[in-house]
Amino acid sequence: MTFSMRDLDQALQGAGQKSGIEIWRIENFKPVTVPKESHGKFFTGDSYIVLKTTASRSGSLHHDIHYWLGKDSSQDEAGAVAVMTVELDSALGGRAVQYREVQGHETEKFLSYFKPCIIPQEGGVASGFNHVKPEEHQTRLYICKGKHVVRVKEVPFVRSTLNHEDVFILDTESKIFQFNGSKSSIQERAKALEVVQYIKDTYHDGKCDIAAVEDGRMMADAEAGEFWGLFGGFAPLPKKPAVNDDETAESDGIKLFSVDKGKTDAVEAESLTKELLDTNKCYILDCGLELFVWKGRNTSIDQRKNATEAAEEFFRSSELPKSNLVSVMEGYETVMFRSKFDSWPVSSTIAEPQQGRGKVAALLQRQGVNVQGLVKTSSSSKDEPKPYIDGTGNLQVWRINCEEKILLEAAEQSKFYSGDCYIFQYSYPGEDREEHLVGTWFGKQSVEEDRASAISMANKMVESMKFMPAQARIYEGKEPIQFFVIMQSFITFKGGLSEAFKNYIAENEIPDTTYEAEGVALFRVQGSGPENMQAIQIEAVSTGLNSSHCYILHGDSTVFTWCGNLTSSDDQELMERMLDLIKPNEPTKAQKEGSESEQFWELLGGKSEYPSQKIKKDGESDPHLFSCTFTNENLKVTEIFNFTQDDLMTEDIFILDCHTEIFVWVGQQVDPKKKPQVLAIGENFLKHDFLLENLASETPIYIVTEGNEPPFFTRFFTWDSSKSGMHGNSFQRKLAILTNKGKPLLDKPKRRVPAYSSRSTVPDKSQPRSRSMTFSPDRARVRGRSPAFNALAANFEKLNIRNQSTPPPMVSPMVRKLYPKSHAPDLSKIAPKSAAIAARTALFEKSPPTSQEPLTSPSSSEATNQAEAPKSTSETNEEEAMSSIHEDSKEDEAEEESSLPTFPYERLKTDSEDPASDIDLTRREAYMTSSEFKEKFEMTKNEFYKLPKWKQNKLKMSVNLF
């Protein structure tokens, strides 16, 4: 019996058709839709269905169905909602994963939908609970647990509840206290602050004070004294947690049961293998702390319902009613389910229909049949992922020769040998600074001695640059798109030039197949465009050909080009470009598939069958983020679901798994002793293959440090670069944002981005690449900036970073207080420090008027006297430099200044009775109107222009109006 959407309850019909979350509450055993504004609000006496629909990169929809059971909900309701999820899953195609969620023991995936937390409220439909908020605020005490997702639980409001190991939140009518146990982790404290903000916004309408109290602070501290006073005074806390009802019994081992007509029978076996699962049956896998239901493809919906009801019966009869239940369909098992088995076969990839068409098309084309329309053609550029890296930077490449590195000339930088190892350093313009990438490339035939040397030298290079560059470890054949864009016209030759490689093949009596320009060689050409094309030398045999590629073959003083019948004109254009690099200015003999000459086949050792399908590369999958702990070569990972930038804690190491490449992110506060192990962490992650996705050990690894994230990493997040530039640990940063109205405290000013030479998107193949291939002080510049200019500009950028009349914000790790109405503005909207200068500069852009107004202020007279004094040589140079700075920056900063709001001068003063809110207090002048600003200066444009440029800027930066 099949189950369709129209067979569902009317409230569930049409569900799961677009990305997002849908929630239904069970009322009288019927689902009722919960409006979006109420998502995340749960009542302890109710049961809910939560459907999470996710669109994959391929466009297909994936569903996760959760049913949540409040601690006061009935068993009958639990059974009913479990059956509803089976019906919903069947209507969605039977591929969804179903989760049983019990209040207080929810899965991390479920909690990640409702960040920062869920706090179930008492009551429910059955108890006749009304949704009117109580008039009097009730003081409540909560315990918070979790480094990545927070589990919040209300506990008795008594002093004995507190302990040294956890973080507690005391919610009173006028103030919210966060108590940090002395043994609680920094990450837990930081996550608890998110809960504090949630409680303030949800239950206090954002109008209450907030204080953080550190364990150990006595009554002498005002905030600590107030906190302990609510408990009747200070007293020593117990050493062990008083609340410890989360402990669960140990598992008795994994047991497998088959389900037939609602009855379960144990399956006896020496080892747990997939072969024990029959596609015509349903099974229950009892793992003690969690239960799984496995449903065969050929089972009916009634069989699946019976299996789910049998699993619910397990909970009623067992001593573990708080266990989680996960239901999976054959072929769509979760990683956790598969990991419970001693052996699980690698799932074979189903061939796409297009591949079959390609075979038929190639066969017909060889016979001279026009197959236009049979094969769905697509631009190769669309098939390639975006590089997210600027290709106009500066490149340096070294070849490793035992313990030394040899710098390659510009013409040889993109020509690698399969038996060698290389180091490359690439510098390119980023969004607000110069980005760097240092990488190693290992050929398939390279020896371990050269690989170790390459890694050691690359590490020293990164260390010498204060760990600012991202670092990459790349193997031949697994290169990411960023590497090809950097190299542009990349050629791989067989053999090697390294002494270690030569010694290895001599000792093992391996023939030396190193490329020779006059010998026989076959190259396969691939790529997506002129800035991303490769020629890979392969075995010179006919079986190496493919109807979907173009090839270059040379030998016996003859050069052949061969184009498969499934290639496009773009593919053939790339072949012509690569030919200019491999065999420039030599005549060629074009060969078309099906009409080759005898000489062509003779060079390949004779004609034989070859494939027609295009060589398929591994596609980029949806990314997964893991928190990592690495001790004694043992790697422990925890997946972070529905991750954001805020999940990257500065004390931890994280791995972002994109299948085709992985990123190891290292926080600024990570133990320095762990940093040398970062590459080993990445290699161990590939070795263990935690997602069971058949990750190759040669998968590219990127090492990224906090504050220096490249764009091809940040693209997976909604990124705010100012967050990674803040002071302190995770807790101090979050508290600073709250106490400083959302303004990040930057460690360093933004770096000026150097200019790079531009190049055409599709350069003429006869012209050399336009970017500078090696770092040189003589490289082309857009605006002719010199090192002296950059040094002078840097000095002026450091002047008066903040107004000295405004005290710096305090970032104490002890007790802090948030003042009422401290709403945090959007960090991305805060203008840079230079906006104030730009705002004032805009007033004086026009030429000075002919008529002069009298000067009335002493500061103006002093400025005039300075302007009439003869200029020294240094002043002249400074004036010219500042003029250049002004011309470079005024275009960009005018747009930023125009977006700032304006306020009356009286509201901007430090002693104002009605101060302006949500402004940068260090740059009050940026919010003044033009007329008021000119009035306060009491200076005409004409007189102001008499000052040297550098003095104009200095005056505008240093004057204190407030």
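Please read all numbers here as calculations on a predicted model, not as lab measurements. (Residues numbered from 1 in each chain as written. Predicted model: local features only at pLDDT ≥ 70, side-chain atom pairs only at ≥ 80, totals over all residues. Heavy atoms only, no water.)

1. Digging into the overall build of the protein
Now for step 1: The helix and strand inventory of the protein stands at 24 helices and 33 strands.
Now for step 2: For the protein, the proportion of its 962 residues judged to be buried stands at 49%.
Now for step 3: Intrachain contacts of the protein at a sequence separation of at least 6 include 70% that bridge at least 24 residues.
Now for step 4: Roughly 47400 Å² of accessible area belongs to the protein as shown, and the carbon and sulfur atoms make up 49% of that amount. (Helix = DSSP H or I, 4+ residues; strand = E, 2+ residues; numbered from the N terminus. Buried < 20%, exposed > 50% of the residue type's maximum accessible area, 1.4 Å probe, protein only. Contact = heavy atoms within 4.5 Å. Areas by Shrake-Rupley, 256 points an atom, 1.4 Å probe, with all protein chains shown as cover.)

2. Re the packing of helix α1 (residues 75-91) against helix α5 (residues 301-317)
Now for step 1: Contact pair α1 / α5: the axes reach a minimum separation of 10 Å and the direction vectors enclose 150°. As judged from the angle between their axes, α1 and α5 are roughly antiparallel. Considering how the two elements wind past one another, α1 and α5 form a crossing that is right-handed. Contacts between α1 and α5 involve Q75, A78, G79, A82, V83, V86, E87 and S90 from the first element and I301, R304, K305, T308, E309, E312 and R316 from the second.
Now for step 2: For the contact of α1 with α5, the class distribution of residues is five nonpolar, four polar and six charged. (Axes fitted to C-alpha atoms, helices over the stretch in contact; angles between N-to-C directions. Parallel < 35°, antiparallel > 145°, perpendicular 65-115°, else oblique. Left-handed = near helix turned anticlockwise from the far one by under 90°. Nonpolar A, V, L, I, M, F, W, Y, C, P; charged D, E, K, R; others polar.)

3. Observations concerning helix α3 (residues 186-203)
Now for step 1: Its 18 residues give α3 an end-to-end C-alpha distance of 26 Å, which sits within 8% of 26 Å, the value for a rise of 1.5 Å per residue.
Now for step 2: Those residues of α3 that are buried lie in contact with β6 (140-145), β7 (151-155), β8 (167-171), β9 (175-180), β10 (209-214) and α16 (730-739).
Now for step 3: Where α3 ends, the next residue or the one after it, D205, has phi of about 55°, a positive value. (Expected span 1.5 Å × (residues − 1).)

4. Notes on the pattern of salt bridges
Now for step 1: Inspection of every chain in the model, using the stated rule, returns 26 salt bridges.
Now for step 2: For E435, the salt bridge is made with R433, and the minimal N-O distance between the two is 3.4 Å. Each member of the pair, E435 together with R433, is buried.
Now for step 3: What you see here is one network of salt bridges that share partners, running through K115, K191, E194, D647 and K734. (Salt bridge = Lys/Arg side-chain N within 4 Å of Asp/Glu carboxyl O.)

5. Describing the nonpolar core
Now for step 1: The biggest cluster of nonpolar side chains holds 61 residues, and the ones touching the most others in it are F424, F483, F523, I552, L656 and F663.
Now for step 2: Of the residues forming this core, the biggest block, six residues, is contributed by helix α10 (residues 481-487).
Now for step 3: Apart from the residues lying within four places of it in its own chain, the contact partners of L656 are P623, H624, L625, F643, E661, I662, F663, F713, F716 and F717.
Now for step 4: Formed by 34 residues, the second largest nonpolar core is a distinct cluster that contains F3, W24, M84 and A310. (Core = buried A, V, L, I, M, F, W, Y, C linked by side-chain atoms within 4.5 Å.)

6. Considerations on the sheet that holds strand β31 (residues 662-666)
Now for step 1: The 10 strands are arranged β17-β16-β19-β20-β21-β32-β31-β30-β28-β29 in an open sheet whose pairing can be described as mixed. Whereas interior strands pair on both sides, the edge strands pair on one side only; in this sheet they are β17 (404-407) and β29 (634-640). Taking each pair of neighbouring strands and ignoring which way they run, the sheet shows an average axis angle of 25°.
Now for step 2: Sheet strands in contact with helix α9 (residues 448-464) are β16 (394-401), β17, β19 (421-429), β20 (434-442) and β21 (470-475), and its direction is about 170° off that of β20. (Pairing = 2+ DSSP bridges.)

7. Focus on the sheet that holds strand β5 (residues 97-102)
Now for step 1: Read across the open sheet, the 10 strands follow the order β2-β1-β3-β4-β5-β15-β14-β13-β11-β12; overall the sheet is mixed. Bordering the open sheet on either side are β2 (30-33) and β12 (263-266), each of which pairs with just one other strand. Averaged over all pairs of adjacent strands, the angle between their axes in this sheet comes to 25°, without regard to strand direction.
Now for step 2: In the packing of α1 onto the sheet, the strands contacted are β1 (20-27), β2, β3 (47-55), β4 (61-69), β5 and β14 (290-295), and the crossing angle to β4 comes to about 175°.

8. Some words on unusual backbone geometry
Now for step 1: Cis geometry is found at the peptide bond from K115 to P116, where omega equals 10°.
Now for step 2: Structurally, P116 is set in the loop between α2 (108-112) and β6.
Now for step 3: Positive phi is not limited to glycine here, since K466 has a value of about 60°.
Now for step 4: Inspection of the secondary structure assignment puts K466 in the loop between α9 and β21.
Now for step 5: Unlike most non-glycine residues, E509 shows phi in positive territory, near 55°.
Now for step 6: In this structure, E509 sits in the loop between α11 (499-507) and β23 (521-529).
Now for step 7: Note on E509: relative accessible area 72%, which makes it exposed.

9. Topic: the packing of aromatic side chains
Now for step 1: As enumerated under the stated definition, the model contains 55 aromatic pairs in all.
Now for step 2: Relative to W228, the ring of F227 has its centre 5.2 Å away and its plane inclined at 75°; by these criteria the two rings are edge-to-face.
Now for step 3: Both rings, one in F416 and one in Y422, keep their centres 4.0 Å apart while their planes meet at 10°; by these two values the pair is stacked.
Now for step 4: What links up through ring pairs into an aromatic cluster is the set F643, F663, Y702, F712, F713, F716, F717 and W719.
Now for step 5: Directly above the aromatic system of F315 lies the positively charged group of R100, at a separation of 3.8 Å from the ring centroid.
Now for step 6: Of note, K675 hangs over the ring of F467, and the distance from its end group to the ring centre comes to 6.0 Å. (Phe/Tyr/Trp six-rings, centres within 6.5 Å; stacked < 30°, edge-to-face > 60°. Lys NZ or Arg CZ within 6 Å of the ring centre and 35° of its normal.)

10. Re the environment of V293
Now for step 1: On the secondary structure map, V293 appears in strand β14.
Now for step 2: Judged by its relative accessible area of 0%, V293 is buried.
Now for step 3: The spatial distance from the C-alpha of V293 to the C-alpha of M329 is 8.4 Å, given a sequence separation of 36 residues.
Now for step 4: Contact partners of V293, with chain neighbours within four places excluded, come to Y283, I284, A307, A311, L325, V326, S327 and V328.

11. Brief notes about the packing of α3 against α16
Now for step 1: Interhelical geometry of α3 versus α16 gives an angle of 25° and a closest axis separation of 7 Å. With respect to each other, α3 and α16 are oriented roughly parallel. Residue-level inspection shows I186, R189, A190, L193, E194 and Q197 of α3 in contact with α16, the latter providing S730, F731, K734, L735 and L738.
Now for step 2: Partitioned by chemical class, the residues of the contact of α3 with α16 number six nonpolar, two polar and three charged.

12. Here's the deal with the confidence of the model for the protein
Now for step 1: Looking at the protein as a whole, its pLDDT mean stands at 79, while 71% of the residues score no less than 70.
Now for step 2: Note on residues 747-879: pLDDT is under 50 here. Beyond four places in sequence and across chains, it has 249 contacts. (pLDDT = per-residue confidence, 0-100.)

13. What about the pairing of β12?
Successive side chains on a regular strand alternate, one facing one side of the sheet and the next facing the other.
Now for step 1: Judged from the four bridges that link them, strand β11 (residues 255-260) and β12 form a sheet pairing that is antiparallel. Among the inter-strand pairings, F257 is bridged to a residue of β12, identified as A266.
Now for step 2: Taking the residues between adjacent antiparallel strands as the criterion, β11 and β12 are bridged by two residues, where K261 takes a positive phi near 55°.

14. Overview of the side chain of S627
Now for step 1: Within the secondary structure, S627 is located in strand β28 (residues 624-631).
Now for step 2: Within the structure, S627 has its side chain in polar contact with the side chain of H148 (distance 3.4 Å).
Now for step 3: Those residues within four positions of S627 in sequence are excluded, and the remaining contacts are H148, K636, V637, T638, I640, I653 and F654. (Polar contact = N/O pair within 3.5 Å; in protein donor to acceptor, adjacent residues only side chain to side chain.)

15. Re the side chain of E77
Now for step 1: Following the sequence through the fold, E77 ends up in helix α1.
Now for step 2: Buried charge without a partner: E77 forms no salt bridge, and the closest opposite charge is R25, 8.5 Å away.
Now for step 3: Not counting residues up to four positions away in its chain, the partners in contact with E77 are I26, F29, G45, D46 and S47. (Lys, Arg positive; Asp, Glu negative; His and termini not counted.)

16. So, the environment of H688
Now for step 1: Structurally, H688 can be placed in helix α14 (residues 678-688).
Now for step 2: Between the C-alpha atoms of H688 and L635, which are 53 residues apart in sequence, the distance is 8.7 Å.
Now for step 3: Only 2.8 Å separates the side chain of H688 from the backbone oxygen of N684, close enough to count as a polar contact.

17. A word on the pairing of strand β25 (residues 550-555)
Now for step 1: Burial within β25 is extensive, with six of its six residues counted as buried.
Now for step 2: Taking every second residue as pointing to the same face, both faces of β25 are buried, with C550, I552 and H554 on one and Y551, L553 and G555 on the other.
Now for step 3: Judged from the five bridges that link them, β23 and β25 form a sheet pairing that is antiparallel. For A521, the partnering residue across the bridge sits in β25 and is H554.
Now for step 4: Where β25 meets strand β26 (residues 558-563), six bridges bridge the pair, whose relative direction is antiparallel. Considered in β26, the bridge of L553 is made with F560.
Now for step 5: Counting the residues between successive antiparallel strands, the hairpin from β25 to β26 contains two residues, one of them, D556, with a positive phi of roughly 55°.

18. Concerning the environment of N708
Now for step 1: Relative to the helices and strands, N708 resides in the loop between β32 (701-705) and α15 (711-714).
Now for step 2: In this structure N708 comes out as buried when scored by relative accessible area, which is 8%.
Now for step 3: Between the C-alpha atoms of N708 and A470, which are 238 residues apart in sequence, the distance is 7.2 Å.

19. Some remarks on the state of the cysteines
In protein structure, a disulfide is the covalent linkage between the sulfur atoms of two cysteines.
Now for step 1: Under the definition given, this model contains zero disulfides.
Now for step 2: Unpaired in terms of disulfides, C117 finds its nearest cysteine sulfur in C144, a separation of 7.2 Å.
Now for step 3: Of the residues examined, C117 reaches a relative accessible area of 4% and is grouped as buried. (Disulfide = S-S within 2.5 Å.)

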